[in-house]
Structures are given as C-alpha cells and as structure tokens.
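Okay, here's what each chain looks like letter by letter:
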Amino acid sequence: MAVVVVTDSSASLPAEYVAELGIAVVPLHVLVGDRAIREGVEPVDIDYAADTVTTSAASPGELREVYEQALARSGGDGVVAVHLSRQLSGTWEAGRQAVRDMDAADRVRLVDSLGAGLATGLPALAAARRAKAGASLDIVYDTAVATASRARTFFLVNRTEQLRRGGRLSSAAAFFGSELVTKPLLQIVEGRLELREKARTRSKAFAKLVAAAVDAAGDDGAAVAVQHLEAAEAADTVVKQLRELIPGMRELIVAEFGPVLGVHLGLGAVGVLVVPGGCA
C-alpha cells in the first residue's frame, strides 16, 4: 500500500496523470439555474459570459467520502489532499470540516495549494510521484507544500468583469481604467488573485505573460504548465516561446481550464504556471 493523493477537479490534471498515479479527484460544481453540475463527471455546456452561471465548492460530505475511500486504498498509510487556494474557494475549509468528522483524522493531511488550475495540479502531481515511490505520509505532504510554495502563476484574461463579479478579484481592478483599452495580466500571490500589470494590446499582453513566466522559471530548469479556455492557438504560441526561452525545461503540461475556473476567467483566458526546479 502507499499514501494516496487527493485533489479537486479545478486542478485540471490530464486524465493520464490521474490514472497513472492513482490520484483521487473530487468534483467541484458549476451552478446553472437550479442545476448543480459536477465538473469532470457530467457534461457541461454553458455560456461562460452569463451572469446566471456560478460555481460552488465540494461539500464536507463529498470530501469526506473521497478521503475515506482514499484512506482505505492506502491501507492506512495516509492521504494527502491538495486543494484550490482557500482564498479563492471554500473547498479547503470544507475539507478541514470533513477531516474533523473522520475517525482517522490524523492520517489525512490537507494542503492549500495557494493557487488555481494546474497550480493545484502540479503540487498534487509531485506528491503523487513521491507516494508512488513509497514515501511516507510526512514526505508526501512536505513535497506538496514545498511545490506549492515555489509555484508562480500568471493569467491573461480578456476582461476582469467575471472575476470581480464572483468576488475573486479586488476593487484594485480600477487601476486598469477602461478595459476597452487595456488587457489585464493577473498573478496569484499567497493564494490571492491580484492584478500584475496592464497592456494596451493583446499581443503586448502575451509578451508580458511570457516574460513573467521566463523570469519566474530561473536558470535551474522548471516544470511549466500552460492552460487556456478555447484559446488553443494562442496557448500553442506561448508554448513555443517558452520552449525557446526557458533553459533546461524539465516538464511541460498543456491543458484546458475546466468549467469551474472557466466561469470566472472567461473565454480566451490563457495561464502559465512555473515551478522552479521542477516537480519531484
């Protein structure tokens, strides 16, 4: 038996990684009218710009069920659950409530990824690789925490209206003035989504996105992830530039944002996550 890693569907990990490493995934929810759709379980066909579409975290009951199943799979070795930043979602807090209600609470460790999307997925991936190699619960947990702390995440979105509406972005967005003439580049800092800088055109915004990622990667190799929402061509261009500009890149994952993050980021969003030194 081995420690089992759990994450939530917002982590956007490609299915092959989940299957290979036995990662358990808890679905978050997209709310469309009176319907609650489980991300990654049920098909989602939504209008990302509609103000009637929202999202919700997994419930403590849903999380407890997955934690208990994972603990049984581990043979008692333990569970490390890596979730979306508690500053952006109630999932981590719901997980804490779930653990308090478990008999073997001391065998379940929660990790706040301090990020979103593959900024949650890569710490989970690093932890799962250590678990598969037979590492102890403490080491698997420490690996997830260390990877999350090194990760740097940047997002380019067409507009910040959806983020502000959902409460994920502070009123500091006024710094940008009219979004008709600026393209916002955002970053995640200590789990919070913040505005980093502005650009007058989308091409200049992409140049700033790539420059931020290259600067964060450093010279010691890095794991890199590129995500997008129906912007495959733009993401491909970013990937090509990062391959050229980041020396010794250790790993590259390209994935789409899932519906839960898509509701807040909007169509055309592109994100880059960098983990200096790579994922264990």
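Residues numbered from 1 in each chain as written. Predicted model: local features only at pLDDT ≥ 70, side-chain atom pairs only at ≥ 80, totals over all residues. Heavy atoms only, no water.

Caption draft 1: View of the sheet that holds strand 12 (residues 251–256). Across the sheet, six strands lie side by side as 10-9-8-13-11-12; this open sheet has mixed pairing. In this open sheet, the two edge strands, each paired with only one partner strand, are strand 10 (192–199) and strand 12. Each adjacent strand pair in this sheet contributes to an overall mean axis angle of 20°, direction not counted. In the sheet, strand 11 (residues 222–228) pairs with strand 13 (residues 270–276) via seven bridges, with the strands oriented antiparallel. In the strand pairing of strand 13, valine 224 is matched with valine 274. Across the sheet, helix 5 (residues 137–150) lies against strand 8 (152–156) and strand 13, angled at about 120° from strand 13, the strand it touches most. Contacting strand 11, strand 12 and strand 13, helix 8 (residues 232–245) crosses the sheet at an angle of about 165° to strand 11. (Pairing = 2+ DSSP bridges. Helix = DSSP H or I, 4+ residues; strand = E, 2+ residues; numbered from the N terminus. Axes fitted to C-alpha atoms, helices over the stretch in contact; angles between N-to-C directions. Contact = heavy atoms within 4.5 Å.)

Caption draft 2: Representation of the pairing of strand 9 (residues 183–189) within the structure. Along strand 9, five of the seven residues are buried, which leaves the element largely enclosed by surrounding structure. With four bridges connecting them, strand 8 and strand 9 associate as antiparallel partners. Bridge pairing in strand 9 links leucine 156 to leucine 185. Where strand 9 hands over to strand 10, the hairpin turn is made up of two residues, of which glutamate 190 adopts a positive phi near 50°. (Buried < 20%, exposed > 50% of the residue type's maximum accessible area, 1.4 Å probe, protein only.)

Caption draft 3: Quick peek at the environment of valine 275. Position of valine 275 among the secondary structure elements: in strand 13. Valine 275 gets classed as buried once you look at its relative accessible area, which sits at 0%. Valine 275 sits 54 residues away from glycine 221 along the chain, and the two C-alpha atoms are 8.8 Å apart. Other than its neighbours up to four places away in sequence, valine 275 contacts Leu122, Thr147, Arg150, Ala151, Ala222 and Ala223.

Caption draft 4: Region of the structure containing the packing of helix 4 (residues 118–132) against helix 5. Two elements in contact, helix 4 and helix 5, have axes separated by 8 Å at closest approach and are oriented at 155°. Comparing the axis directions of helix 4 and helix 5 gives the class roughly antiparallel. As helix 4 packs across helix 5, the resulting crossing turns out to be right-handed. Counted together, Leu122, Pro123, Ala126, Ala127, Arg130 and Ala131 of helix 4 and Ile139, Val140, Thr143, Ala144, Thr147 and Ala148 of helix 5 form the full contact between these two elements. (Parallel < 35°, antiparallel > 145°, perpendicular 65-115°, else oblique. Left-handed = near helix turned anticlockwise from the far one by under 90°.)

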